[in-house]
Amino acid sequence: MAGLPFNLFLLSCFPTFALLCFTTTAFTTTPTITKPQRYVTKLIHHDSVHSPYYNPMATISDRAGYAIDSSRAHLAYLRTKAQGFSLATDDVRAGVIAKTTSTGFLANISIGEPPSPQLLIMDTGSSLSWTQCQPCSNMCFPQAVPVFDPSKSSTFMRAPCSSAACLASLSNQCDKSGCIFKQEYAGGTIITGLLAIEKLTFETSEEGTISVSNIDFGCANNVSGIGGQSSGILGLGSYQVSLASQLRSKFSYCFGSIKDPQYKGPSNPLEILGGLYFLTLQGISVAGNLLNISSDAFKRTPSNSGHIVPSSHGGVIIDSGSTYTVLTRGGLDPLNAEVRSLTSGLPGGAEGSTMSAPCYTGIINRDLAWFPMVTLHFANGVDLDLDVESMFFQVGANEFCMAVLLSDIDDVSIIGVLAPQGYNVAYDLRARTLSLQRIGCELLEG
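Residues numbered from 1 in each chain as written. Predicted model: local features only at pLDDT ≥ 70, side-chain atom pairs only at ≥ 80, totals over all residues. Heavy atoms only, no water.

Focus on the sheet that holds strand β24 (residues 374-378)
Strand pairing in a sheet relies on backbone hydrogen bonds, with the paired strands running either antiparallel or parallel.
Item 1. Spatially, β18-β17-β24-β25 is the arrangement adopted by the 4 strands of the open sheet, whose pairing is antiparallel. Either end of the sheet is taken by a strand with one partner, and the two such strands are β18 (289-290) and β25 (383-386).
Item 2. Summarising the sheet, strand β17 (residues 281-286) and β18 pair through 2 bridges and their orientation is antiparallel. By the bridge assignment, S285 is partnered in β18 with L290.
Item 3. Strands β17 and β24 of the sheet are contacted by helix α4 (residues 329-342), whose axis makes an angle of about 10° with β17. (Pairing = 2+ DSSP bridges. Helix = DSSP H or I, 4+ residues; strand = E, 2+ residues; numbered from the N terminus. Contact = heavy atoms within 4.5 Å. Axes fitted to C-alpha atoms, helices over the stretch in contact; angles between N-to-C directions.)

What follows is the structure in structure tokens.
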């Protein structure tokens, strides 16, 4: 495991790309470091024209449907984790990927020596980083780049059974050569493979390629119940095995607009539970007017579930694996009513009959240029302003809907990546705080 701390930043500085940035006090083996350094590498949105998964035949409606399905699936997964039912295993994204396709940002990270490029989905709701590995036979899904072959890497090592990463998961097993991991989830998704130690290499915007050695990751060679996604997962959860934790890291991400396929502020207390990041959402206002929302709508209640890992019910999770924001009925109904009142003069859309959110006929930038700011109020005076690009999404050439949906599970809310577009979202795992800074993401690249 890497032993020296550095700060990890995930930024989306262009409509098409996000950026994965590192600010480090020690990234090389040089014994003396005189100045922190910052490294930036680009991420690619799944639906970007630069993504190998870009489908030019997919309609606006198709992409919106994929994102909704994925967000709802992720909600069910995160709720299960928060309640402690599958927390004995270090988590992966596997159980939450919509059957049709996946959404999110892809990190182009190379593994091994010589470096083997892999596309990993960035996910703050997962801790274990993993990629498909040879031999994979018929038990892996197709991916855009060659499957990583550990036999061709001079730096690949099996994680020993005595390693902290192996001991951290009750589901891991051992053979005579090292640790074996197994992830099993509701719905039949199972991932098994070798827990390994390898070198990761990042292509940066500023410093060329940089590498970090001795990173624990999952080398999966038996993957069932998944199809049509990237090489694996880049886990940025809070468990010990996550990349962020291994690098003793602070990290942040900054997303530009994710709708276009061409494309340090005050801090809020960050509760970390079950590898998930919980925020204290205190209220919602529209045009500066606070909505009448019960204080219980977003409350997290600790649960005496009897599970080894502490669990809870309710609360608000911030999650990079979800596109849309999902609120409990107690939070959504007042917002829904206010939005409907403000937009009463707009013609309704056909999607409105099948969605919990109001839908309209029209084009967002043309027909909602006047729409006021919606603000999410968090603890310590931290506010997240949602403009029309974050509050609504285009579901067809001439139809749009509100991008805040009803939670399928009545006690959990999620802040998805549409909400903080144009913000640098900074996590400090040691201080357990989250900061929001509204900024042009391209300013953070230089």
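Further notes follow.
Here's the deal with the state of the cysteines
Should the sulfur atoms of two cysteines be covalently bonded, the bond is a disulfide.
Item 1. According to the stated counting rule, one finds 5 disulfides in the structure shown.
Item 2. For C161, the disulfide goes to C174, at an S-S distance of 2.0 Å. Here C161 is found in the loop between β7 (157-158) and α2 (164-167), whereas its partner C174 is found in strand β8 (residues 173-175), with 13 residues between them in sequence.
Item 3. A relative accessible area of 41% places C174 in the partly exposed class.
Item 4. One disulfide bridge connects C359 with C401, the sulfur atoms lying 1.9 Å from each other. Taking the sign of the S-S torsion, 105° for the link of C359 and C401, the bridge is right-handed. With a gap of 42 residues between them, C359 in strand β23 (residues 359-361) and C401 in strand β27 (residues 399-402) connect regions that are remote in the sequence. C401 matches C359 in its accessibility class, with the two residues each being buried. (Disulfide = S-S within 2.5 Å. Buried < 20%, exposed > 50% of the residue type's maximum accessible area, 1.4 Å probe, protein only.)

Overview of the nonpolar core
Item 1. Counting 74 residues, the largest nonpolar core has I284, I318, L335, F378, L384, F392 and Y427 as its most contacted members.
Item 2. Leave out the neighbours within four places in its chain, and I318 touches T124, Y253, Y277, L279, I415, V425, Y427 and L434.
Item 3. Within the second largest apolar cluster, 20 residues are counted, among which are I121, L128, C140 and C166. (Core = buried A, V, L, I, M, F, W, Y, C linked by side-chain atoms within 4.5 Å.)

Some remarks on the sheet that holds β23
Item 1. Read across the sheet, 3 strands follow the order β23-β27-β26 without closing on themselves; strand pairing throughout is antiparallel. With partners counted over all chains shown, the strands left at the sheet margins are β23 and β26 (392-396), one partner each. Along the sheet, successive strands turn relative to each other by an average axial angle of 30°, direction set aside.
Item 2. Bridge count between β26 and β27: 4 bridges; the pairing is antiparallel. Note that in β27 the partner of Q394 across the bridge is F400.
Item 3. Sitting on the sheet, α4 touches β23, β26 and β27, and the angle it makes with β27 is about 140°.

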